[in-house]
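Single-letter residue listing:
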Amino acid sequence: MVVNFAAGPAKLPEEVLNEVQKEIVDYKGLGLSVMEMSHRSPEYLSIHTETIQSLRELLNVPQNYKILLMQSGGTGMFAAVCMNLMGRTGEADYVVTGSWSAKAAKEAAQYGEVNMVIPKTAKYTSVPSQDTWKVSPNASYVYYCDNETVDGVEFNFVPDVPGIPLVCDMSSNFLSRPVDVTKFGVIFAGAQKNIGPAGIVVVIIREDLLGFQMKITPSVLDFSIAAKNDSIYNTPPTLIIYIMGKVFAWIKKHGGVNAMYENSIKKSSLIYNAMINAKGFYHCPVDQPVRSRMNVPFRVGSETGNDSLEQEFLKAAKAEGMIQLKGHRSVGGIRASLYNAITIAEAEKLATFMEKFFNNNK
Ligand code: PMP
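Please read these numbers as outputs of a predicted model, since none were measured by experiment.

Moving on, we come to the overall build of the protein. Across its full length, the protein carries nine helices and 14 strands. Relative to a compact globule of 362 residues, whose C-alpha radius of gyration would be 21 Å, the protein shows 21 Å and is just as compact. In terms of overall dimensions, the protein has C-alpha extents of about 60 × 55 × 30 Å along its principal axes. Buried residues in the protein amount to 54% of all 362 residues. Considering only residue pairs separated by 6 or more positions, the protein has 69% of its internal contacts joining residues 24 or more positions apart. Accessible surface for the protein amounts to roughly 15900 Å². Of this, 52% is attributable to carbon and sulfur atoms.

Here it is, written out as structure tokens:
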């Protein structure tokens, strides 16, 4: 068995894969697979409704919030958020703390005026304190990314922007810690990290923010249309929604988001401590208080990375069954992604390997 430290699509719980395998040809004795069912059939509709309901329970989503399942990918959401919300005032605030929020801000500039809340930096390694932010009172919303998957920068607070809806990309730390949904206007998360295979984005939106879509908004990206049609305006990715429902049940069975949070602290501490113990051999560029629990980027051998040692690290890790540890192509180095499905034993295995690799190469 390999340990898959991929950033996404990423490891899914083995229990979920085994259940899916059992049901893939014949779902509950109906004689057909979920992927062969009509999306309007009662059998599929109950899967769809239960999946949404189970997410509502896991995250305590209040009744005045709609849960939508959209098909645009996270990147599609960068545009959809603008088309659905920016029309309120024609401008929006973006807090850019990494490459995904930078992409979102760039996309948004196509639809209205974008205010940069914090100064641009050459590298993404920190979250400036909120008292330095320049928030515009006329912004339709304030946008940020809770966990920057490439850079390993994770917010350790929820921004306080009274009177302005907060829009948050939680793609890479969704359901890895409890969230007070009432602090947000919109939360969205692509599935392919913590909650399922690629192909769906969950959107949680406060009801009073529906109805402000621009005229140009395509029907499939229109939050109001999705809300009115329970996310079955057109054919949804039925198989993915079914698998996502299984992941939600798995999270519930294993203690819910509180347990996911506790485990994430244990797993990420194992890796960060392995770095501390190696006294500078490994280098994580991110400011300590905002180091991600989900994506741990680091360099090997020096602050900027020793290329041949990093290649050797990846090769030796692979020989021990640990794969997909290569950092994102834009930053290089190593990145260990520790989503919910990664076990503590798997994180321990990586930490032990890091210690051994340090001892062999110091
Ligand atoms: N936001 C974040 C935080 C991401 O990590 C990613 C992709 N990994 C995206 C958005 C874009 O998602 P997609 O590839 O589904 O468009």
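A separate point is empty space enclosed by the protein. Throughout the structure, instances matching the rule amount to one cavity of 30 Å³ or more. Around the largest cavity sit Leu-59, Asp-146, Met-170, Asn-173, Phe-174, Leu-175, Ser-176, Arg-177 and Val-179, which together line it. Class assignment for the residues of the lining of the largest cavity results in five nonpolar, two polar and two charged.

What follows covers the packing of helix H1 (residues 14-23) against helix H6 (residues 238-253). Remark: H1 packs on H6, axes separated minimally by 10 Å, with the N-to-C direction vectors making an angle of 135°. When the axis of H1 is compared with that of H6, the two are oblique. In this structure, H1 meets H6 at a crossing whose hand is right-handed. On H6, the residues touching Glu-15, Val-16, Glu-19, Val-20 and Glu-23 of H1 are Tyr-242, Ile-243, Lys-246, Val-247, Trp-250 and Lys-253. When its residues are assigned to classes, the contact of H1 with H6 shows six nonpolar, no polar and five charged.

What the largest pocket holds in volume is close to 490 Å³. Elements that contribute at least two residues to the lining of the largest pocket include exactly helix H4 (99-108) and strand E12 (295-300). Within the lining of the largest pocket, the residues separate by chemical class into eight nonpolar, seven polar and five charged.

Before going further, it helps to examine the site of the ligand. Near the ligand there are 13 residues, and of these Gly-74, Thr-75, Thr-149, Asp-169 and Lys-193 occur at the shortest range. A distance of 2.9 Å is found between an oxygen atom of the ligand and a backbone nitrogen or oxygen belonging to Gly-74. In the environment of the ligand, a nitrogen atom lies 2.6 Å from a nitrogen or oxygen atom belonging to the side chain of Asp-169. For the shell around the ligand, the element with the most residues is helix H3 (residues 73-85), which contributes four residues. Residues that form the shell around the ligand fall into these classes: three nonpolar, eight polar and two charged.

You can read the domains of the protein as domain 1 (15-253) and domain 2 (256-361). On the side of domain 2, 24 residues touch domain 1, which itself brings 25 residues to the contact. Of the roughly 2100 Å² buried between domain 1 and domain 2, counting both surfaces, carbon and sulfur atoms make up 55%. Of all residues in domain 1, Thr-125, Val-150 and Glu-154 give up the largest surface area on contact with domain 2, accounting jointly for 24% of the area buried on that side. Where domain 1 packs against domain 2, one counts one salt bridge.

Okay, the sheet that holds strand E14 (residues 334-337) next. What holds strands together in a sheet is hydrogen bonding between their backbones, with the strands either parallel or antiparallel. If you walk across this open sheet you meet the three strands as E11-E12-E14, and the pairing is antiparallel. Both edges of this open sheet fall to strand E11 (282-283) and E14, since each of them pairs with a single strand only. Pairing of E12 with E14 involves four bridges; the strand directions are antiparallel. By the bridge assignment, Asn-295 is partnered in E14 with Ser-337. In this fold helix H7 (residues 256-277) packs onto E11 and E12, with an angle of close to 20° to the strand it touches most, E12.

Here we take up the pattern of salt bridges. Evaluation of the coordinates by the stated rule reveals twelve salt bridges. Across the pair Lys-246 and Glu-23 runs a salt bridge, and its minimum N-O distance is 3.0 Å. You can see Lys-246 sitting in helix H6 and its partner Glu-23 sitting in helix H1, a full 223 residues away along the chain. Each member of the pair, Lys-246 as well as Glu-23, is classed as buried. For Lys-66, the salt bridge goes to Glu-207, with nearest N and O atoms at 3.8 Å.

It is worth spelling out the side chain of Arg-293 at this point. Within the secondary structure layout, Arg-293 lies in the loop between E11 and E12. Accessibility expressed as a relative area gives 5% for Arg-293, which makes it buried. Of note is the side chain of Arg-293, whose polar atom sits 3.0 Å from the side chain of Ser-176. Only 2.7 Å separates the side chain of Arg-293 from the side chain of Ser-264, close enough to count as a polar contact.

Cut-offs and rules
- Residues numbered from 1 in each chain as written.
- Predicted model: local features only at pLDDT ≥ 70, side-chain atom pairs only at ≥ 80, totals over all residues.
- Heavy atoms only, no water.
- Helix = DSSP H or I, 4+ residues; strand = E, 2+ residues; numbered from the N terminus.
- Rg over C-alpha atoms; globule rule 2.2 N^0.38 Å.
- Buried < 20%, exposed > 50% of the residue type's maximum accessible area, 1.4 Å probe, protein only.
- Contact = heavy atoms within 4.5 Å.
- Areas by Shrake-Rupley, 256 points an atom, 1.4 Å probe, with all protein chains shown as cover.
- 1 Å grid on protein atoms, 1.4 Å probe; cavity = no way out; pocket = protein on both sides within 12 Å on 5 of 7 lines; lining within 4 Å.
- Points joined across faces, edges and corners; volume = space filled by probe spheres on them.
- Nonpolar A, V, L, I, M, F, W, Y, C, P; charged D, E, K, R; others polar.
- Axes fitted to C-alpha atoms, helices over the stretch in contact; angles between N-to-C directions.
- Parallel < 35°, antiparallel > 145°, perpendicular 65-115°, else oblique.
- Left-handed = near helix turned anticlockwise from the far one by under 90°.
- Near = heavy atom within 4 Å.
- Polar contact = N/O pair within 3.5 Å; in protein donor to acceptor, adjacent residues only side chain to side chain.
- Domains from an automatic or database assignment.
- Buried area = accessible area lost by both parts, 1.4 Å probe.
- Salt bridge = Lys/Arg side-chain N within 4 Å of Asp/Glu carboxyl O.
- Pairing = 2+ DSSP bridges.

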